[in-house]
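If you want the building blocks of each chain, they are given just below.
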Amino acid sequence: MEPERDAIYYEQLARVARLKASATDDQFLAVRLSEAAIRPERMARKPRRDSA
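Residues numbered from 1 in each chain as written. Predicted model: local features only at pLDDT ≥ 70, side-chain atom pairs only at ≥ 80, totals over all residues. Heavy atoms only, no water.

Undergrad: Before we move on, can you summarise helix H2 (residues 27-51) with the specific residues and values?
TA: Residue pairs three or four apart in sequence face the same way in an α-helix, which turns once every 3.6 residues. For H2, built from 25 residues, the straight-helix expectation of 36 Å at 1.5 Å per residue is met to within 8% by its first-to-last C-alpha distance of 38 Å. Along H2, the residues that are buried comprise Ala30, Leu33, Ala37, Pro40, Ala44 and Pro47. (Helix = DSSP H or I, 4+ residues; strand = E, 2+ residues; numbered from the N terminus. Expected span 1.5 Å × (residues − 1). Buried < 20%, exposed > 50% of the residue type's maximum accessible area, 1.4 Å probe, protein only.)

Structure follows, in structure tokens:
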């Protein structure tokens, strides 16, 4: 159950970063937040891939 919980945590981090990126008017900040969401998305897929 631990890998699933880790995956959910990282998915939530990525989702928050994407929501903040879409909510901001600053284009530079939106790009940086979108780029920052990539790492948690990858980390969310890793525990599921390892457990499969």
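Undergrad: Tell me about the packing of helix H1 (residues 2-23) against H2, residues and numbers included.
TA: Contact pair H1 / H2: the axes reach a minimum separation of 8 Å and the direction vectors enclose 165°. Our classification of the angle between H1 and H2 gives roughly antiparallel. Regarding H1 and H2, the two cross each other, and that crossing is left-handed. Partitioning the contact of H1 with H2 into residue classes produces 16 nonpolar, 1 polar and 7 charged. (Axes fitted to C-alpha atoms, helices over the stretch in contact; angles between N-to-C directions. Parallel < 35°, antiparallel > 145°, perpendicular 65-115°, else oblique. Left-handed = near helix turned anticlockwise from the far one by under 90°. Nonpolar A, V, L, I, M, F, W, Y, C, P; charged D, E, K, R; others polar.)

Undergrad: Can you explain H1? Please cite residues and give values.
TA: Taking 1.5 Å of rise per residue, the 22 residues of H1 would be expected to cover 32 Å, and the 32 Å separating its terminal C-alpha atoms lies within 8% of that figure. Ala7, Ala14, Ala17 and Ala21 are the residues of H1 that are buried. Taken around the axis of H1, the buried residues stretch over an arc of 90°, which confines them to a single face. Away from the buried face of H1 by more than 90 degrees, exposed residues Leu19, Lys20 and Ala23 are located. On its buried face, H1 sits against H2. (Arc of directions from axis to C-beta. Contact = heavy atoms within 4.5 Å.)

Honestly, it's all geometry; don't read function into it.
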